[in-house]
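Read off the chains here:
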Amino acid sequence: MDIFKTNTSVTKHLEPLLNKGKTIGFVPTMGALHKGHLSLIKKAIAQNNVVIVSVFVNPTQFNNTKDLEKYPRTLQKDVALIQTLSDKIIVFAPNTNEIYGNTIQSKKYSFDGLEFQMEGKFRDGHFDGVGTILDYFFSTLKPTNAYFGEKDFQQLQIVKKLVSKYNLDVNIIGCEIFREASGLAMSSRNTRLTDTGKTEASFIYKTLLQAKKKFGTKSASKVEEWVTKQFAKNKHFKLEYVTIAEVTTLKTVKRKSKKQKYRIFIAAFIDNVRLIDNIALN
Ligand code: PAF
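Residues numbered from 1 in each chain as written. Predicted model: local features only at pLDDT ≥ 70, side-chain atom pairs only at ≥ 80, totals over all residues. Heavy atoms only, no water.

Quick look at helix H1 (residues 7-19)
The end-to-end C-alpha distance of H1 is 18 Å, a good match for the 18 Å that 13 residues give at a rise of 1.5 Å each. Its maximal kink placed at histidine 13, H1 deviates by approximately 25 degrees, while the proline proline 16 follows within four residues. Buried residues of H1: Val10, Leu14 and Leu17, and no others. In this structure, the buried residues of H1 make contact with strand E1 (3-4), strand E2 (24-29), strand E3 (50-55), strand E4 (90-92) and helix H7 (126-141). A positive backbone phi angle near 80 degrees is found at glycine 21, which sits one or two residues after H1. (Helix = DSSP H or I, 4+ residues; strand = E, 2+ residues; numbered from the N terminus. Expected span 1.5 Å × (residues − 1). Bend = angle between axes of the 7 residues up to and from the residue. Buried < 20%, exposed > 50% of the residue type's maximum accessible area, 1.4 Å probe, protein only. Contact = heavy atoms within 4.5 Å.)

In structure tokens, the structure reads:
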């Protein structure tokens, strides 16, 4: 399997493939791969001639240095896991210096307000960091298709905006959330949960499903209130936010309309680990 660490070596490898008109499927990751990532890679394999997976813990998208330090880094294990799917997959695993040089700073982007909703309210500069690294990857690797999980639904909408607003030549493909049997959304952060935490964490998905039922007959604000109460009663969790939002603007719903699509979003801490999840409501 080819593993590249530098921009020069990976572009040298990709250039002849691009010149031959091969389609390139790209799965950006921060490593600590799980079945959710593997499902994105499988989709990329099915839809492209060449697949490239990046493994890079991007410092500029972390607003909390402790969170960045604690983020799991397991490159060897990740490569072994990728290899179980195919040894033709290309891995790009640069170090921070290769991407940012001596200045670890993000560029500033406008995502037409999407960046100020939900995660944007709690993670200052997060989406500028995501925009910066993806801009870099898209311009370096020139993928035909890039794959993103819906667990980070806000990120997915922001990446679509980045591409349309800044005229980037790549198709963005959203993929359904991959869940544990308990319903817990797969996430690299789950590795930091205690056994009890991991069992208790399925509470998020169960609550989302109940909220979906309630949304059939109740207003968005009533459902949000109900979810807030459930979390207040659960001693394992600290809820950061619950929001029911319209899927294109990500604005909190004031009045329901049959013509619009909504999702419910939650961010909550358990075992000092911040988890996010969301489901479609209609
Ligand atoms: O979703 C992630 O893992 C990251 O935000 C991404 C897209 C790899 C950018 O660093």
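After presenting the structure, the write-up continues.
A closer look at the nonpolar core
Core analysis: the biggest nonpolar cluster contains 42 residues, and Ile52, Leu134, Phe137, Phe138 and Ile172 have the highest contact counts within it. Ranked by the residues each element gives to this core, the list is headed by H7, at eight residues. Setting aside residues up to four positions removed in sequence, phenylalanine 138 forms contacts with Phe26, Pro143, Ala146, Phe148, Val159, Leu162, Val163, Leu168, Val170 and Ile172. Ranked by size, the runner-up nonpolar core spans 25 residues in total, among them Leu184, Leu208, Ala211 and Val223. (Core = buried A, V, L, I, M, F, W, Y, C linked by side-chain atoms within 4.5 Å.)

Notes on the side chain of serine 86
Tracing the chain through its elements places serine 86 in the loop between helix H4 (75-83) and E4. For serine 86, the contacting residues outside a window of four places in its chain are Met1 and Ile45.

Concerning helix H11 (residues 220-233)
End to end, H11 covers 20 Å across 14 residues, agreeing with the expected 20 Å (1.5 Å per residue, within 8%). Taken together, the buried positions of H11 are Ala220, Val223, Glu224, Trp226, Val227, Gln230 and Phe231. One face of H11 carries all of its buried residues, which in axial projection span an arc of 160 degrees. Across H11 from its buried face, at more than 90 degrees, point the exposed residues Lys229, Ala232 and Lys233. Turning to H11, the residues buried within the fold contact helix H10 (202-215), strand E7 (237-246) and strand E8 (262-270). (Arc of directions from axis to C-beta.)

Brief notes about the site of the ligand
In the neighbourhood of the ligand, the contacting residues comprise Pro28, Thr29, Met30, Asn58, Gln61, Ile133, Phe148 and Gln155. Between glutamine 61 and the ligand, the recorded distance is 2.7 Å, taken from a side-chain N or O atom to an oxygen atom. The contact in question runs from an oxygen atom of the ligand to an N or O atom on the side chain of glutamine 155, over 2.7 Å. Protein chains bury 89% of the 290 Å² of accessible surface belonging to the ligand in isolation. Class assignment for the residues of the shell around the ligand results in four nonpolar, four polar and no charged. (Near = heavy atom within 4 Å. Polar contact = N/O pair within 3.5 Å; in protein donor to acceptor, adjacent residues only side chain to side chain. Areas by Shrake-Rupley, 256 points an atom, 1.4 Å probe, with all protein chains shown as cover. Nonpolar A, V, L, I, M, F, W, Y, C, P; charged D, E, K, R; others polar.)

Some words on unusual backbone geometry
Positive phi, close to 55 degrees, is recorded for aspartate 112, a residue that is not glycine. Here aspartate 112 shows up in the loop between helix H5 (96-100) and helix H6 (119-122). What makes aspartate 112 partly exposed here is its relative accessible area of 48%. Non-glycine residue asparagine 272 carries a positive phi angle of around 65 degrees. In this structure, asparagine 272 sits in the loop between E8 and strand E9 (273-280).

Things to note about a positive patch on the surface
A grouping of Lys218, Lys222, Lys229 and Lys233 is seen on the molecular surface, where their side chains present a positively charged patch. Here lysine 233 is to be found in helix H11. For lysine 233, a relative accessible area of 65% puts it in the exposed group. (Patch = residues over 30% accessible without salt bridge, like charges linked within 9 Å, V, L, I, M, F, W, Y side chains within 5 Å. Salt bridge = Lys/Arg side-chain N within 4 Å of Asp/Glu carboxyl O. Lys, Arg positive; Asp, Glu negative; His and termini not counted. Charge placed at Lys NZ, Arg CZ, Asp CG, Glu CD.)

Quick notes on the sheet that holds E4
A sheet is described by the order of its strands in space; here six strands give the open sequence E1-E4-E3-E2-E5-E6, paired in parallel fashion. Single-partner strands in this sheet number two, and they are E1 and strand E6 (171-175). Inspection of the sheet shows E2 paired to E3 by six bridges, in the parallel sense. From the neighbouring strand, phenylalanine 26 faces E3, where its bridge partner is isoleucine 52. Each of E2, E3, E4, strand E5 (145-149) and E6 touches H7; the most contacted strand, E2, lies at about 155 degrees to it. (Pairing = 2+ DSSP bridges. Axes fitted to C-alpha atoms, helices over the stretch in contact; angles between N-to-C directions.)

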